[in-house]
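Architecture and fold: a report
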Amino acid sequence: DLHRWLVFFDKNTPEETLREILNMDKTIQEAQEKIRRVSGSEADLRLYELREKGERDYASGLNFARREGEQKGFQTSARKMKALGISPEQIREITGLSPGRNRETVICGYYAPQSVTPR
């Protein structure tokens, strides 16, 4: 019941009313227990935050490595295409690499923007 949840989350709810709601609704009881577990000691909270940060950093590192790998793959392909005599326009169309000099890496006469992942 939505009304019970609103009363549960209202910081001004009297203790007795909160106990009544907890007795009436098993789902709210479970939520209360989870809140107790999560809001443990300062040390527990710090450990939780560090773990969350570690997981975000790990995911970010994987994402960066994937983008770098894709970039290297496009660069390798562009070199091979150039060696096969494929036109610069076709190389640009296929790889997404384009001529330019705005914070870019030179790849056999082509430039791969650092901020954009080629197609």
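**Points about the packing of aromatic side chains**
The geometry of two aromatic rings is summed up by the distance between their centres and the angle between their planes. Per the counting criterion, the structure on display carries 3 aromatic pairs. Ring geometry for Trp-5 and Phe-8: centres 5.8 Å apart, planes at 90°, overall edge-to-face. Taken as a pair, Trp-5 and Phe-8 lie in helix α1 (residues 2-9) at a separation of 3 residues, close to a single helical turn. Its relative accessible area of 8% is what places Phe-8 among the buried residues. Geometrically, the ring pair formed by Phe-8 and Phe-9 is edge-to-face, given 5.0 Å between the ring centres and 70° between the ring planes. The exposure class assigned to Phe-9 is exposed, which follows from its relative accessible area of 56%. Three or more aromatic residues joined by ring pairs make a cluster, and in this case those are Trp-5, Phe-8 and Phe-9.

**What to know about the pattern of salt bridges**
By the definition in use, this model includes 7 salt bridges. Here Asp-25 ties to Arg-4 by a salt bridge, and the two come within 3.7 Å at their closest N and O atoms. Linking Asp-25 in the loop between α2 (15-24) and α3 (26-38) with Arg-4 in helix α1, this pair joins segments that are 21 residues apart in sequence. Among the residues examined, Asp-25 registers a relative accessible area of 10% and is labelled buried. Note on Arg-4: relative accessible area 25%, which makes it partly exposed. Among the salt bridges present, the one from Arg-19 reaches Glu-15, with a minimum N-O distance of 4.0 Å.

**Comments concerning α3**
For α3, which comprises 13 residues, the first-to-last C-alpha distance of 19 Å matches the rise-based estimate of 18 Å (1.5 Å per residue) to within 8%. Every buried residue belonging to α3 is among Ile-28, Ala-31 and Gln-32, and all of these are buried. Taken end-on, α3 shows its buried residues confined to a sector of 100°, consistent with a single buried face. Of the exposed residues in α3, those oriented more than 90 degrees away from the buried face are Lys-26, Lys-34 and Arg-37. On its buried face, α3 sits against α1 and α2. For α3, the capping residue at the N-terminal end is Asp-25, with a side-chain oxygen 2.9 Å from the backbone nitrogen of Thr-27.

**Digging into the confidence of the model for the protein chain**
Interpretation of the predicted coordinates at a detailed level should be avoided for regions scoring low in pLDDT. This prediction gives the protein chain a mean pLDDT of 80; 82% of its residues lie at or above 70. Strand β1 (residues 104-107) is the least confidently modelled element of the protein chain, averaging 46 in pLDDT, while α2 averages 93, the highest of any element. Throughout residues 100-107 the model reports pLDDT below 50, and contacts reaching past four residues in sequence, or to other chains, amount to 18 contacts. Residue range residues 114-119 is modelled with pLDDT below 50. Its contacts to residues more than four positions away, or to other chains, number 17 contacts.

How each quantity is defined
Residues numbered from 1 in each chain as written. Predicted model: local features only at pLDDT ≥ 70, side-chain atom pairs only at ≥ 80, totals over all residues. Heavy atoms only, no water. Phe/Tyr/Trp six-rings, centres within 6.5 Å; stacked < 30°, edge-to-face > 60°. Helix = DSSP H or I, 4+ residues; strand = E, 2+ residues; numbered from the N terminus. Buried < 20%, exposed > 50% of the residue type's maximum accessible area, 1.4 Å probe, protein only. Salt bridge = Lys/Arg side-chain N within 4 Å of Asp/Glu carboxyl O. Expected span 1.5 Å × (residues − 1). Arc of directions from axis to C-beta. Contact = heavy atoms within 4.5 Å. Polar contact = N/O pair within 3.5 Å; in protein donor to acceptor, adjacent residues only side chain to side chain. pLDDT = per-residue confidence, 0-100.

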